[in-house]
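Architecture and fold: a report
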Amino acid sequence: MPTATVALLPEVARFLDTDHGLIIGADRPPASDGGLIDVFDPANGRLLTRVASATASDVDAAVAAARAALPVWNALSPADRADLLWRLGDEIAKRAEEFGQLETLDNGKPTSESGVLDVPLCASLFKYYAGWATKIEGESMTPSGGGAFHVFTRREPVGVVGAIIPWNFPLLMAGYKLGPALAAGNTMVLKPAEQTPLSALRLVELMLEIGFPPGVVNVVTGDGPGAGAPLAAHLDVDKITFTGENATGQKILEASKGNMKRLSLELGGKSPSLIFADADIDKAIAGTFGAIYFNQGQCCIAGARVFVERTAYDRFVDGLGAKVAGIRLGNGLDPETTMGPVVSAEQQARVDGLIASGVAAGARAVVGGGTVSAPELADGYFVQPTLFTDVAADMEIMRREIFGPVGMVGVFDTEDEAIELANATPFGLASGLWTSDVTRTHRVVPQIHAGVVWVNTYGMFDVAIPYGGFKASGYGKELGREALDPYLQTKTVWIDLGG
Ligand code: NAI
Ligand code: MG
């Protein structure tokens, strides 16, 4: 049965039909070598449009444009910069449906999900950081040794920031980087993921329409080696902010050393969910379902490594299994769809392969465990929502970030065992804890090695609340006031008053 998809908005159809050059200053040049990237609709594998594939010389031009715009951006008053950021938030909110459709076409996610998370959070974060643009202040200080000095600090922008972002939340990740970096007075070169370049292009077009000075944000669409690597190594880029795979983060760290550029690295995870028998089990099932399967499981914070106290195990697995079996795969533009395709044919093959490795290693697929065979889904990049039990710590599915709709449920008997299982990963991005015992909560939270602990909830995000990883999940917080710090540097000024 073909899915009943909603018709595309005229502005979306028009956008797909335009020439997607790079955005460098006010210009929309093609790639210097004429290279193009095909952009596919993950729901049916159809070619949507093509975008320019930037080269190292295009990256040079974008960095030069950002450098030239730095004094222009900083010549605006903080209130004027705040005004632009606020208007951007407003315009995104007004175009929620347009951005939602673009994200679904590009990434595959259901519009029902982007409509409650990606688009509204992106709009509100620009308004939140608009507020900070007028509140970036240094301090006046007294030297401990006394003396006739006036000492103060200035909080200055780092300079030109390169943002390299992934494909799982294309618009939102752009916002995570642009909001605080621009509020802090930096200018930028944005490199979206090659799989999902569209919403970033539309976002920065919109910024130019609203009146952001050309060059404040430049966009180099392109792949990792062609556009990402030269940006990461560029000697005139002061900072890279990156979200993506750990191995890519390591390459960026290497590439940064030429000029000791600043780095923020958000490198994903293998986050645990711990369910104690004293928890509200129905609530834990619903929350853990979201923790694993939201966004087709393509979340850096996916809490898919689940451990349940033995006495609650059967009830939990039955309840969660029923929910997974009820997932309705389809085109994300269909309002009935509860799970769309994964982002690309490559990602589909990768996740299918990991599911097969779990089966081969002896994990039991309570739901799924195979590949999608329905004829109406055959041309899209669909993956079977899968729930595994009987998992062991050394299985590939328990060690690698899967980034697909796959959950693994294990069992524990004691609190100490639960904590040990939770921490048995090099990553430390997020975690879930389900218990109604407040004493246990306070005992367990400090022992979990992760940047976020969600207690009796999962995946809560708010523009005002910082978020980021421990251990191999990287460093540099996003959102909240703390996210401004990595985009600022403190200059200390001593003035001798002795004459
Ligand atoms: P990736 O880390 O390679 O891609 C993320 C971004 O980095 C893209 O814009 C890409 O073009 C860029 N990039 C790639 N190589 C680069 C290089 N050498 N220098 C500079 N930039 C470079 O992730 P990929 O290959 O798309 O996905 C593979 C796996 O990584 C996923 O299956 C998932 O497990 C993980 N991943 C995790 C994410 C997270 O949010 N934690 C996001 C995306 C992927
Ligand atoms: Mg890669």
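Now for a quick tour of the structure. These figures come from a predicted structure and were not determined experimentally.

What counts, and at which threshold
- Residues numbered from 1 in each chain as written.
- Chains lettered and ligands numbered in written order.
- Predicted model: local features only at pLDDT ≥ 70, side-chain atom pairs only at ≥ 80, totals over all residues.
- Heavy atoms only, no water.
- 1 Å grid on protein atoms, 1.4 Å probe; cavity = no way out; pocket = protein on both sides within 12 Å on 5 of 7 lines; lining within 4 Å.
- Points joined across faces, edges and corners; volume = space filled by probe spheres on them.
- Helix = DSSP H or I, 4+ residues; strand = E, 2+ residues; numbered from the N terminus.
- Domains from an automatic or database assignment.
- Buried < 20%, exposed > 50% of the residue type's maximum accessible area, 1.4 Å probe, protein only.
- Pairing = 2+ DSSP bridges.
- Right-handed = clockwise from strand over helix to strand, strands pointing away.
- Contact = heavy atoms within 4.5 Å.
- Axes fitted to C-alpha atoms, helices over the stretch in contact; angles between N-to-C directions.
- Nonpolar A, V, L, I, M, F, W, Y, C, P; charged D, E, K, R; others polar.
- Polar contact = N/O pair within 3.5 Å; in protein donor to acceptor, adjacent residues only side chain to side chain.

Quick look at the layout of surface pockets
Of the pockets and cavities examined, the largest pocket occupies roughly 860 Å³. Along its surface, the largest pocket is lined by 33 residues, and Trp 167, Phe 242, Gly 244, Glu 245 and Thr 248 are the ones closest to its centre. Only α9 (224-233), β8 (239-243), α10 (246-255) and α13 (345-360) provide two or more residues apiece to the lining of the largest pocket. Residue-level mapping places the lining of the largest pocket at the junction of two domains, with at least three residues from each of domain 1 (10-267 + 475-491) and domain 2 (272-462). When its volume is computed, the second largest pocket comes out at roughly 530 Å³. Elements represented by at least two residues in the lining of the second largest pocket include exactly α7 (170-183) and α11 (281-293). For the lining of the second largest pocket, the element with the highest residue contribution is α11, accounting for four residues.

A look at the pairing of strand β9 (residues 262-266)
The two faces of a sheet get side chains in turn, since along a regular strand they alternate between them. Burial of β9 is extensive: four of the five residues sit out of reach of the surface. By the bridge criterion, five bridges tie β8 to β9 in an arrangement that is parallel. Pairing of Phe 242 across the sheet is with Leu 265, part of β9. Handedness of the β-α-β unit built from β8, α10 and β9 comes out right-handed. Note: β9 against strand β19 (residues 474-475), two bridges, orientation antiparallel. Note on β19: the bridge partner recorded for Leu 265 is Tyr 475.

Topic: the sheet that holds strand β13 (residues 386-389)
With respect to topology, seven strands assemble into an open sheet ordered β12-β13-β14-β11-β10-β16-β17, the strand pairing being mixed. Looking at strand neighbours, the two that pair on one side only are β12 (364-367) and β17 (454-455), the edges of this open sheet. When strand β16 (residues 432-434) meets β17, the two strands line up parallel, connected through two bridges. Looking at the pairing, Leu 433 lines up with Val 455 of β17. Packing of helix α12 (residues 310-325) onto the sheet brings it into contact with β10 (272-275), β11 (305-309), β12, β13 and β14 (406-412), and relative to β11 it is tilted by some 135°.

Observations regarding empty space enclosed by the protein
Under the criterion given, the structure shown has three cavities of 30 Å³ or more. Counted as a void, the largest cavity has a volume near 120 Å³. Lining the largest cavity are 17 residues, and of these Lys 270, Ala 302, Ala 304, Ile 402 and Phe 403 sit closest to its centre. Its residues assigned to classes, the lining of the largest cavity comprises nine nonpolar, four polar and four charged.

Some thoughts on the side chain of Ser 273
For Ser 273, the position within the fold is in strand β10. Judged by relative accessible area, Ser 273 falls into the buried class, the value being 0%. Of the polar contacts made by the side chain of Ser 273, one reaches the backbone oxygen of Gly 303; its length is 3.0 Å. Contact partners of Ser 273, with chain neighbours within four places excluded, come to Thr 288, Ala 291, Gly 303, Arg 305, Val 306, Phe 307, Gly 432 and Tyr 458.

Any link to function would need more than the numbers given here.
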